[in-house]
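# Summary of the model geometry
In case you want the letters, here they are:
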There are 2 protein chains.
Amino acid sequence: MVSADIENLIRLFSKLPGIGPRSARRCVLHLLKNKTLKMIPFIQQLEQTAAAIVECSGCGNLDTQSPCSLCVNPKRDMNVLCVVEQVADLWAMERAGGFKGLYHILGGALSSFNGIGPDELRIPYLVDRIRTLGVKEVILALNATIEGQTTTHYIANELEPCSVKITAIAHGIPLGGELDFLDPGTIMTAFSARRALDFEGEL
Amino acid sequence: MVSADIENLIRLFSKLPGIGPRSARRCVLHLLKNKTLKMIPFIQQLEQTAAAIVECSGCGNLDTQSPCSLCVNPKRDMNVLCVVEQVADLWAMERAGGFKGLYHILGGALSSFNGIGPDELRIPYLVDRIRTLGVKEVILALNATIEGQTTTHYIANELEPCSVKITAIAHGIPLGGELDFLDPGTIMTAFSARRALDFEGEL
């Protein structure tokens, strides 16, 4: 009933993460109804981005240059390397602000279920980079999932001979979190990781 | 921090209906990480669709031809014309199946708040089409909103001199609907529109 071109476009949209068939239909209609003002600029920006963006040969970030603007920024501290799973995690860290070192994107986490071993990730290259850059501290900022934590421990083991300080980001109650709404796992993790308060009542 | 090209693409994605900034970021990353397999075919399909799709000069549907495949289909009943607000509503009617007549897309509903009068919609052209096609019944299938119902009554008034049968789709409890979860307006509409059951207990 609907033209094959429209159907194909809806199918491609509905394959994007977080977009269902209904959203996909609305997006396609929205673009088709505003062809000059919306659809053409949308296509042009997609083409331009596809042509311009490359993966950084250092950290694995996506940028118009390789090494990326983070890796060549002289203001970033080359002594600290933050290891994350995905490009999205690097962006989330940068949005949070505060970290001024370099990054290393693994491209995922170890998963025997999905057949992802250390060589599918950028773990061997991580060891090379730590030696080349002369890194002093490696901060493991992987997801608080089973895969993320397995990967954290695996990397900590691998880096033991590198004589580098290895830390992992803390797990606990998220800011604004109410105990009543949190899962028992988070609460018990926060409980076990409790810290002594000093006399001023600060952490 | 993130490249300007990526930022612009995320911004364009987040302007699509139903896509928030988070979904937009995920979509853009998903495409960039699979440039050859996902992003290039996505761009190509967008270009092809933008080039191929036109608005039907008859009903207003989007298709690769004008008049569209529905308007020129000899199996469709030219005696019945179903009036809907948007292309999406035509698609929803076709998905529901059962209707074998032709359509007329208004392009919206009357709204004094948004400054949409009869001439902004395709209402004058509806009168022309009814005369040209020799339509016998006009089915008003507009949304059950204030604007949709205002438009229904306006069109019914306009079509009075055309000596054509005018009907509107029924309002009531949706299939599978439970009274306890429905708004009072829907329940009272269904109550007022109650119909006599025959002796076999059928409607």
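Residues numbered from 1 in each chain as written. Chains lettered and ligands numbered in written order. Predicted model: local features only at pLDDT ≥ 70, side-chain atom pairs only at ≥ 80, totals over all residues. Heavy atoms only, no water.

## Notes on the nonpolar core
To keep it simple, the criterion reads: Residues belong to a common nonpolar core when they are buried Ala, Val, Leu, Ile, Met, Phe, Trp, Tyr or Cys residues joined through side-chain atoms within 4.5 Å. Any residue under 20% of the maximum accessible area for its type is buried, any over 50% is exposed, and the rest in between are partly exposed; the area is computed with a 1.4 Å probe on protein chains only. Residues are treated as being in contact if the distance between any of their heavy atoms lies within 4.5 Å.
Phe-13, Phe-42 and Leu-46 of chain A together with Phe-13, Phe-42 and Leu-46 of chain B are the most contacted members of the largest nonpolar core, which has 74 residues in total. When residues no more than four places from it in sequence are discounted, the contact partners of Phe-42 of chain B are Leu-12, Phe-13, Leu-16, Phe-42 and Leu-46 of chain A together with Phe-13 and Leu-31 of chain B.

## Here's the deal with unusual backbone geometry
Residue and element names in this part refer to chain A. Heads up, the rule is: A helix here means a DSSP run of H or I that spans at least four residues, while a strand means a run of E at least two residues long, and both kinds are numbered starting from the N terminus.
Here the bond from Ser-66 into Pro-67 is cis, since omega is 0°, no more than 30 degrees from zero. Within the secondary structure, Pro-67 is located in the loop between β2 (62-63) and α4 (69-72). In this model, Ser-163 sits at a positive phi of 45°, which is unusual for a non-glycine residue. Counting through the fold element by element, Ser-163 comes out in the loop between α7 (146-158) and β6 (165-168). Taking the relative accessible area as the measure of exposure, Ser-163 reaches 70% and is therefore exposed.

## Regarding empty space enclosed by the protein
Residues and elements named next belong to chain B. We count it as follows: Buriedness for pockets is judged along seven lines, at least five of which must meet protein on both sides within 12 Å for an open set on the 1 Å grid over protein atoms alone, while cavities are sets there where a 1.4 Å probe fits but cannot get out, and lining residues have an atom within 4 Å of a point. Grid points are joined across faces, edges and corners, and a volume is the space filled by probe spheres set on the points. Think of it as three bins: nonpolar holds Ala, Val, Leu, Ile, Met, Phe, Trp, Tyr, Cys and Pro, charged holds Asp, Glu, Lys and Arg, and polar takes everything else, Gly as well.
One pass over the structure, following the stated rule, counts one cavity of 30 Å³ or more. Computed from the structure, the largest cavity encloses a volume of approximately 30 Å³. If you trace the largest cavity, you find it lined by Leu-140, Leu-142, Gln-149, Thr-152, Ala-168, Ile-169 and His-171. Looking at the lining of the largest cavity, its residues break down into four nonpolar, three polar and no charged.

## Some thoughts on the environment of Arg-11 of chain A
Among the structural elements, Arg-11 of chain A can be located in helix α1 (residues 4-14). Given a relative accessible area of 40%, Arg-11 of chain A falls into the partly exposed group.

## Quick word on helix α3 (residues 35-52) of chain A
Stated precisely, the cut-off is as follows: By this rule, a helix spans an expected 1.5 Å times one less than how many residues it contains. As used here, the arc belongs to the directions running from the helix axis to the C-beta atoms.
Taking 1.5 Å of rise per residue, the 18 residues of α3 of chain A would be expected to cover 26 Å, and the 24 Å separating its terminal C-alpha atoms lies within 8% of that figure. Of all the residues in α3 of chain A, the buried ones are Met-39, Phe-42, Ile-43, Gln-45, Leu-46, Thr-49 and Ala-50 of chain A. Taken around the axis of α3 of chain A, the buried residues stretch over an arc of 165°, which confines them to a single face. The outward face of α3 of chain A, more than 90 degrees from its buried face, is lined by the exposed residues Thr-36, Leu-37 and Ala-51 of chain A. Residues of α3 of chain A that are buried sit in contact with α1 and α2 (21-33) of chain A together with α1 (4-14), α2 (21-33) and α3 (35-52) of chain B.

## Considering the layout of surface pockets
Within this model, the largest pocket holds a volume of roughly 540 Å³. Along its surface, the largest pocket is lined by 19 residues, and Ala-144, Ile-169, Ala-170, His-171 and Gly-172 of chain B are the ones closest to its centre. Contributing elements (two or more residues each) for the lining of the largest pocket: α5 (87-96) and α8 (184-192) of chain B. A per-element tally of the lining of the largest pocket places α5 of chain B first, with four residues. Looking at the lining of the largest pocket, its residues break down into 12 nonpolar, six polar and one charged. Empty space within the second largest pocket amounts to approximately 380 Å³. Around the second largest pocket, the lining is made up of 15 residues, and of these Gln-86, Ala-88 and Asp-89 of chain A together with Arg-26 and Leu-29 of chain B lie nearest the centre. Of all the elements in the fold, those that place two or more residues in the lining of the second largest pocket are α5 (87-96) of chain A together with α2 of chain B.

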